Amino acid sequence: QEKRRLDYKKPDFTITDIDLTFELDLTATIVTAVSRVKRLTEDRKIPLVLNGDSLKLLDVKLDGAECAFRETENTLELDSVPDEFTLTVKTCINPKDNSELMGLYVSDGKFCTQNEPEGFRRITFFTDHPDVLARYTTHIIAPDGAYPFMLSNGNLIKDEVKDGKRVVTWEDPFPKPSYLFALVAGDFDELHRDFVTCGGRHVDVYLYVDKGQASCGTVAIDSILRAMEWDEKRFGLEYDLNRFNVVAVDFFNAGAMENKSLNIFNSKYVLVDAESATDTDFENVLSVIGHEYFHNWTGDRVTCRDWFQLSLKEGLTVFRDQEFSSDLCCRPIERIKAVNIIKGPQFTEDAGPMAHPIRPDYVMEMNNFYSVTVYDKGAEVIRMIHTILGEELFQKGMKLYFKRHDGCAVTCEDFVSAMEDASGIDLKQFRNWYSQAGTPCVSGSLRYDAEKKQAVYTFNQSTPATPGQSVKQPFVIPLSMALYGSDGRKILLKRNGEPVSEVQILTEEHNVVVFDDVPERPVTALLQNFSAPVKVEYPYAQGELETLLKCADDPVTRYESMQNIINSYIVLNTVNAQRRLPFTHSELVVQSFRYILEESGLDNRFMAYILRIPPVNTLMGLFTAIDLDAIIASRKELVRVLSVELADIWEKLYQKLLAEFRQRLAEGRGYECTEEQIGSRDLIRVALNFHVRGLVLKGEEAKASAIVSGHYRISDNMTDTLIALNAATAHNLESRHEILKDFESRWRDNALVFDNYFRAVASAPYPDTLDNVRKLMEHECFDLTNPNRVRALLGTFSQLNPECFNDISGRGYEFLTEILIKLNGTNPHVAAAIMTPMLNLNRLDIKRKGMITDCFNRIMRIPGLSDSIFEKIDKAFKQ
Ligand code: ARG
Ligand code: ZN
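Residues numbered from 1 in each chain as written. Chains lettered and ligands numbered in written order. Predicted model: local features only at pLDDT ≥ 70, side-chain atom pairs only at ≥ 80, totals over all residues. Heavy atoms only, no water.

Novice: How do you make sense of the overall build of the protein when you look at a structure like this?
Specialist: Assigned secondary structure in the protein consists of 26 helices and 35 strands. Computed over the C-alpha atoms, the radius of gyration of the protein is 28 Å, within 12% of the 29 Å expected from 2.2 N^0.38 for a compact globule of 879 residues. In terms of overall dimensions, the protein has C-alpha extents of about 85 × 70 × 60 Å along its principal axes. Counting across all 879 residues of the protein, residues that qualify as buried make up 60%. Relative to all contacts within the protein whose residues are 6 or more apart in sequence, the contacts with residues 24 or more apart total 69%. One finds the centroid of the 101 positive side-chain charges in the protein at a distance of 3 Å from the centroid of its 129 negative side-chain charges. (Helix = DSSP H or I, 4+ residues; strand = E, 2+ residues; numbered from the N terminus. Rg over C-alpha atoms; globule rule 2.2 N^0.38 Å. Buried < 20%, exposed > 50% of the residue type's maximum accessible area, 1.4 Å probe, protein only. Contact = heavy atoms within 4.5 Å. Lys, Arg positive; Asp, Glu negative; His and termini not counted. Charge placed at Lys NZ, Arg CZ, Asp CG, Glu CD.)

Quick look at the structure:
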């Protein structure tokens, strides 16, 4: 059942052109596919094998005549076909009952598609592999007036009405793999913008949203234009058609999809306005719109040869969208967001049964590999190439990549080769990043030679075994280093009298790095800008992390220094908790917080990020064996200490920011999604939560409750509203009842906004949370068939509430098991995505491991278990 990367075979047949006709009907859509098929092999005995899934076959014709064929469970096979012929296949599909949301389905009365990776075979029998590139012509037929907008890829060729039926024809001049095919039909509000490319091409940009939602689409459509402009400026890449469409739908398994000239989006990443969206929602729209648009070159024009190469387009496109947001918004903040994903979910994936290289070797269900490893670690790998080559050579490599591979389906290897050939830099060993899974650990030490004025660093790298890969070859690790003197000034890096780059490239298991002319024992920043996706171990001497926190010129280093200070405290007290010893007080964390708050002069937004205490899920990554109760206890203790000992500071800070907020309201200045306003809200969230926690701990819960409801009442925007709502549930305040009630009455008609209610309730770390979640499954706004609802309520509970989910009673596991069994029959991909926290079982204590094992055994016995769920449990058992 498992496919292997090395088993890749060139296709025996290709399809050069396909003419598709859809006679739309909610439950019985007739699809006629007329394909021009060409044999690519010498061997004429090889049959044509087409993939199919959940199709009703109506008719097959070869060059217009009856022919022999074989239909199996998942294929349609034809023996001894000519070298070149026209194949006509007629199938019937049921979009309305397509609850898996792969292929053609109905979202809230509108037809739409999701074909990546293997959805097209649920539309018609086809060589559904990304290395078969065809020119598509699409005819959409429906009763006139039924669906005002009928869209597909490419250019609109014809739109006519005949015998009460409307026929719309689209033609896409660019050959593409089937996963990029898209169709949409329904009624929408339409937004339009003109864009003229650098080469003078006139582009009509359209955005389609639910009726009545046009005003929530302006940010998205303007983001498209910003993305088009940025890709021209930074990458020299110009849009290639006269039309670009984006459609927002409510039912969508992922974030969005880059179908050629017809991007389809989860409405969560399109619909925003000042009243209903948070700062994060606004930022996500820009970055996801950018991401999908950038795929036009890195994904559509140059695509993947096979799905093992997914990171070819995803890692690269995430890198591009990160750069887009960094250039347009705030670079250090974007970098810290990316670092948090790597150090949280990605390190967790690397330590678990599903660990895989960014280019996996074995795949059972491809949907399971749209992972933080392929996407986000993939982007880190591209970023390392960028660091090693520099912007100029990197762009030279991109140019060569397009020159060589435009219009082709290629591999990660092709990308690296282009970078190598364009730059003249050898990347042979660098390729280990593509082939090896796991998180490398770099442990460093410093010997300072006062006589020679030399700083001699020793770096050892090692990577723990991952399933199927017990021995690892050394990686190429670019360490961006900086040395600081005791006065906090940066020491110029020199070797043999010459200045050297800050980026040290480690290639061996044991490495020695020497700097000359170092006047004193330096304080070392080891991984500036998080220059490699690795863990670093370094015996910081007393005061060194503080020096970096205060003096480093790289913001990520300052952020990481605080994280290190916090992590040491957590590790120490987790061990204390395990041994039933009293907690050790950490003066260092408190002093560092005090410094940041009172002396650092940092801007609000950066301050809020630096004061972030890593979530329990991320802290688990500090340990091989996870003692969950001890980690939770030590984290709680840290929050307690900071709340109580800095109580005055938190209160004053909250009052100050609140006063500024009131001032803004008094001056009639509305909500704006600017760095400055976002910064105030990010920081007020931190201040409010510590302030409230301090009050609760002092027994002043009524006061805390009143402050939070006050915050809720004065809010003029969704971010502040949710700061209050979440604080009310997170601290279990009395006011949560009235706040939740008010929020419900205001937003029950807006499902995307109401998801915030689900998230607030599901993330509260209290014993009644599971019952509340169960109750909410009966709420009129909840819908087990909508992935956004499932993720908001059930995904939040499993993934963002480790305390309740892993409750030692086992209730959390039992609950999720029930859900997984239900979802297995309707939408297994969404099910598989929310079960991630259970995959930690092998690192958990024996009791929890036993309970999860029991649940897994139960799931494994259900009839018709999907590959998505099976693959994960199977790997968990084998780890
Ligand atoms: N290619 C899409 C994107 O990254 C995501 C497709 C998600 N598909 C999936 N099976 N999870 O923009
Ligand atoms: Zn993508």
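Novice: Explain the state of the cysteines here, please?
Specialist: Covalently bonding the sulfur atom of one cysteine to the sulfur atom of another cysteine gives a disulfide. Evaluated as defined, the whole model comprises zero disulfides. Cysteine cysteine 804 remains unbridged, with the sulfur of cysteine 855 as its closest cysteine sulfur at 16 Å. Cysteine 804 gets classed as buried once you look at its relative accessible area, which sits at 12%. (Disulfide = S-S within 2.5 Å.)

Novice: Would you mind showing me how to read the packing of helix 1 (residues 218-235) against helix 3 (residues 310-328) here?
Specialist: Helix packing for two helices is described by the angle between their axes and how far apart those axes are. Running from N to C, helix 1 and helix 3 cross one another at 100°; their axes reach a closest spacing of 11 Å. Of the possible angle classes, the one that applies to helix 1 and helix 3 is roughly perpendicular. Listed contacts from helix 3 to Ser223, Arg226, Ala227, Trp230, Asp231, Arg234 and Phe235 of helix 1 are Phe319, Arg320, Glu323, Phe324, Asp327 and Leu328. Grouping the constituent residues of the contact of helix 1 with helix 3 by class yields six nonpolar, one polar and six charged. (Axes fitted to C-alpha atoms, helices over the stretch in contact; angles between N-to-C directions. Parallel < 35°, antiparallel > 145°, perpendicular 65-115°, else oblique. Nonpolar A, V, L, I, M, F, W, Y, C, P; charged D, E, K, R; others polar.)

Novice: Explain the site of ligand 1 to me, please; I cannot follow it from the model alone.
Specialist: Taken together, 15 residues sit near ligand 1, with Glu116, Glu258, Glu292, Asn367 and Tyr375 positioned nearest. Residue histidine 291 places a side-chain N or O atom 3.4 Å away from an oxygen atom belonging to ligand 1. Where the shell around ligand 1 is concerned, the elements lending two or more residues are strand 20 (256-257), helix 2 (279-294) and helix 3. (Near = heavy atom within 4 Å. Polar contact = N/O pair within 3.5 Å; in protein donor to acceptor, adjacent residues only side chain to side chain.)

Novice: Explanation requested: the sheet that holds strand 5 (residues 56-62) in the structure shown.
Specialist: The strands making up a sheet associate through hydrogen bonds between their backbones, and the pairing can be parallel or antiparallel. Across the sheet, eight strands lie side by side as 6-5-9-3-2-12-15-14; this open sheet has mixed pairing. A single partner strand is all that each edge strand has here, and the edge strands are strand 6 (65-66) and strand 14 (155-162). Judged from the ten bridges that link them, strand 2 (residues 13-23) and strand 3 (residues 29-39) form a sheet pairing that is antiparallel. Paired with glutamate 23 across the two strands is isoleucine 30, which belongs to strand 3. (Pairing = 2+ DSSP bridges.)

Novice: Please clarify how the coordination of the zinc ion (ligand 2) should be interpreted in this entry.
Specialist: Ideal donor angles around a metal are set by the shape: a four-donor tetrahedron calls for 109.5 degrees, a six-donor octahedron for 90 or 180 degrees. Around the zinc ion (ligand 2), the protein contributes the donor atoms His291 (NE2), His295 (NE2), Glu314 (OE) and Glu314 (OE), which lie 1.9 to 2.8 Å from the metal centre. The coordination sphere of the zinc ion (ligand 2) comprises six donor atoms, whose angles at the metal cover 46 to 161°; the geometry is irregular. (Donors = N, O, S within 2.8 Å, 3.2 Å for Na, K, Ca; no water. Tetrahedral: all angles 85-135°; square planar, octahedral: opposite > 155°, others 65-115°.)

Novice: Explain the confidence of the model for the protein to me, please; I cannot follow it from the model alone.
Specialist: Low pLDDT marks stretches whose predicted atomic positions should not be read closely. When pLDDT is averaged along the protein, the result is 98; 100% of the residues meet or exceed 70. Across the whole predicted complex the pTM is 0.99, and at the interface the ipTM reaches 0.99. (pLDDT = per-residue confidence, 0-100.)

Novice: What is the right way to read helix 9 (residues 555-578) from this model?
Specialist: Compared with an ideal rise of 1.5 Å per residue, which puts 24 residues at 34 Å, helix 9 spans 35 Å between its outermost C-alpha atoms and is within 8% of the ideal. Phi for arginine 580, located one or two positions after helix 9, is positive at around 55°. (Expected span 1.5 Å × (residues − 1).)

Novice: What am I meant to see in the pattern of salt bridges here?
Specialist: As a working rule, side chains carrying opposite charge can pair if their charged atoms are close by. Per the stated rule, a full pass over the model turns up 70 salt bridges. Glutamate 334 is paired through a salt bridge with lysine 337; the nearest N and O atoms lie 3.3 Å apart. You can see glutamate 334 and its partner lysine 337 sitting in helix 4 (residues 331-350), three residues apart, about one turn around the helix. The closest approach of N and O atoms between aspartate 421 and arginine 404, which form a salt bridge, is 2.6 Å. Within this pair, whereas aspartate 421 is found in helix 6 (residues 412-423), its partner arginine 404 is found in helix 5 (residues 372-405), the two being separated by 17 residues in sequence. Judged by its relative accessible area of 36%, arginine 404 falls in the partly exposed class. Residues joined in a network through salt bridges with shared partners are Glu283, Glu334, Lys337, Arg605, Glu675, Asp682 and Arg685. (Salt bridge = Lys/Arg side-chain N within 4 Å of Asp/Glu carboxyl O.)

Novice: Honestly, the packing of aromatic side chains in this entry has me stumped. Any pointers?
Specialist: The relation between two aromatic rings is expressed through the spacing of the ring centres and the mutual angle of the planes. Per the stated rule, a full pass over the model turns up 40 aromatic pairs. Summarising the aromatic geometry, the rings of tyrosine 370 and tyrosine 375 are spaced 6.3 Å apart at their centres and angled 50° between planes, so their arrangement reads as tilted. Counting every residue linked through ring pairs, the aromatic cluster contains Trp230, Phe235, Tyr239, Phe244, Tyr293, Phe294 and Phe324. Over the ring of phenylalanine 174 we find lysine 260; its NZ or CZ atom is 4.2 Å from the centre of that ring. One cation-aromatic arrangement involves arginine 320 over phenylalanine 235; the distance from NZ or CZ to the ring centre is 4.6 Å. (Phe/Tyr/Trp six-rings, centres within 6.5 Å; stacked < 30°, edge-to-face > 60°. Lys NZ or Arg CZ within 6 Å of the ring centre and 35° of its normal.)

Novice: In this structure, what is going on with unusual backbone geometry? I would like to understand it.
Specialist: Across the chain, the bulk of peptide bonds are trans and the bulk of non-glycine residues have phi less than zero. Backbone torsion omega between glutamate 116 and proline 117 reads -5°, so that peptide bond is classified as cis. Tracing the backbone through its elements, the reader meets proline 117 in the loop between strand 11 (110-114) and strand 12 (134-143). You will see that serine 80, though not glycine, has its phi angle at about 35°, which is positive. When its relative accessible area of 60% is taken as the criterion, serine 80 is described as exposed.

Novice: Explanation requested: the sheet that holds strand 21 (residues 262-266) in the structure shown.
Specialist: Pairing in this open sheet of five strands is mixed, and the strands run 17-18-19-21-20 from one edge to the other. Two strands in the sheet have a free side with no partner beyond their single neighbour: strand 17 (189-196) and strand 20. Bridge count for strand 18 (residues 202-209) against strand 19 (residues 243-249) is five bridges, and the pairing is parallel. Residue pairing in the sheet places aspartate 204 in a bridge with arginine 243 of strand 19. Relative to strand 17, helix 1 is tilted by about 20°, and along the sheet it contacts strand 17, strand 18 and strand 19.

Novice: Where do I start with the pairing of strand 27 (residues 477-480) in this structure?
Specialist: Consecutive side chains of a regular strand alternate in pointing toward one face of the sheet and then the other. Side-chain alternation along strand 27 places Ile477 and Leu479 on one buried face and Pro478 and Ser480 on a second face that is also buried. Here strand 27 runs beside strand 32 (residues 503-506); their pairing, made up of four bridges, is antiparallel. In the sheet register, isoleucine 477 faces strand 32, and the bridge partner there is leucine 506.

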